[in-house]
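Chain by chain, the residues run as shown.
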Amino acid sequence: MIRPASVEHFVFDIDHFEYTKPISNKYSRWRVQTQACLRNNRTGVMKTDSNSTYIVAVRNSKNNVVCSYRGKADNIYGGLVFNNLPKTKLYIVILRESQGDWHLYGKGDTQFLR
């Protein structure tokens, strides 16, 4: 049985990359999910584009990537459960792989699992 231990929510509106605040990990499993689309910051117009991708990486306090997944700006909510994580402070980096006039706009949540 999977029981939640803690939950953290975040939003992003990025041109290139953005970090979450560090989160203390006491468990070995962490679910990370995101949902994103593209937003024109001058006009406020939003659109989806499954060819526009971004990387969601979990990093440790030494800035090393512990695990990651690739998301799409298709406005579909999804992610992964990462196993065997170090019990230390971790943070999430969202990196937009393609640049342009449109920002990556979305939300995410995390949940440590026992």
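Residues numbered from 1 in each chain as written. Predicted model: local features only at pLDDT ≥ 70, side-chain atom pairs only at ≥ 80, totals over all residues. Heavy atoms only, no water.

> What exactly am I supposed to notice about the pairing of strand E4 (residues 29-40) here?
Each regular strand carries side chains that alternate between the two faces of the sheet. With nine of 12 residues buried, E4 lies mostly within the body of the structure. Summarising the sheet, E4 and strand E10 (residues 102-113) pair through 12 bridges and their orientation is antiparallel. Each residue of the ladder has a partner; that of Arg39, found in E10, is His103. Here E4 pairs with strand E5 (residues 46-47) via two bridges, running antiparallel. Paired with Leu38 across the bridge in E5 is Lys47. Remark: five residues form the turn of the hairpin made by E4 and E5, two consecutive strands paired antiparallel; Gly44 in that turn has positive phi of roughly 80 degrees. (Buried < 20%, exposed > 50% of the residue type's maximum accessible area, 1.4 Å probe, protein only. Helix = DSSP H or I, 4+ residues; strand = E, 2+ residues; numbered from the N terminus. Pairing = 2+ DSSP bridges.)

> I keep staring at the environment of Phe10 and nothing clicks. Help me out?
Checked against the element boundaries, Phe10 lands in strand E1 (residues 4-14). Contact partners of Phe10, with chain neighbours within four places excluded, come to Thr20, Gln33, Thr34, Ile92, Ile94, Lys107, Gly108, Asp109 and Thr110. (Contact = heavy atoms within 4.5 Å.)

> In this structure, what is going on with the pairing of strand E9 (residues 89-96)? I would like to understand it.
Along E9, six of the eight residues are buried, which leaves the element largely enclosed by surrounding structure. Across three bridges, strand E2 (residues 17-19) lies against E9 in antiparallel orientation. Within E9, the residue paired with Glu18 across the bridge is Ile94. Examined bridge by bridge, strand E6 (residues 49-60) and E9 share seven bridges and lie antiparallel to one another. Its bridge partner lying in E9, Asn60 is registered against Leu90.

> Can you walk me through the pattern of salt bridges in this structure?
Side-chain pairing between opposite charges can occur once the charged atoms of the two side chains come close. What the rule picks out here adds up to five salt bridges. Notably, a salt bridge pairs Asp109 with Arg31, separated by 3.7 Å at the nearest N-O pair. Note that Asp109 is positioned in strand E10 and Arg31 in strand E4, a separation of 78 residues in sequence. We note a salt bridge from Asp101 to Arg42, for which the minimum N-O separation is 3.8 Å. On the criterion of sequence distance, the pair formed by Asp101 in the loop between E9 and E10 and Arg42 in the loop between E4 and E5 is long-range, its members being 59 residues apart. On the accessibility criterion, Arg42 (68% relative accessible area) is exposed. (Salt bridge = Lys/Arg side-chain N within 4 Å of Asp/Glu carboxyl O.)

All we've got here are geometric facts, nothing functional implied.
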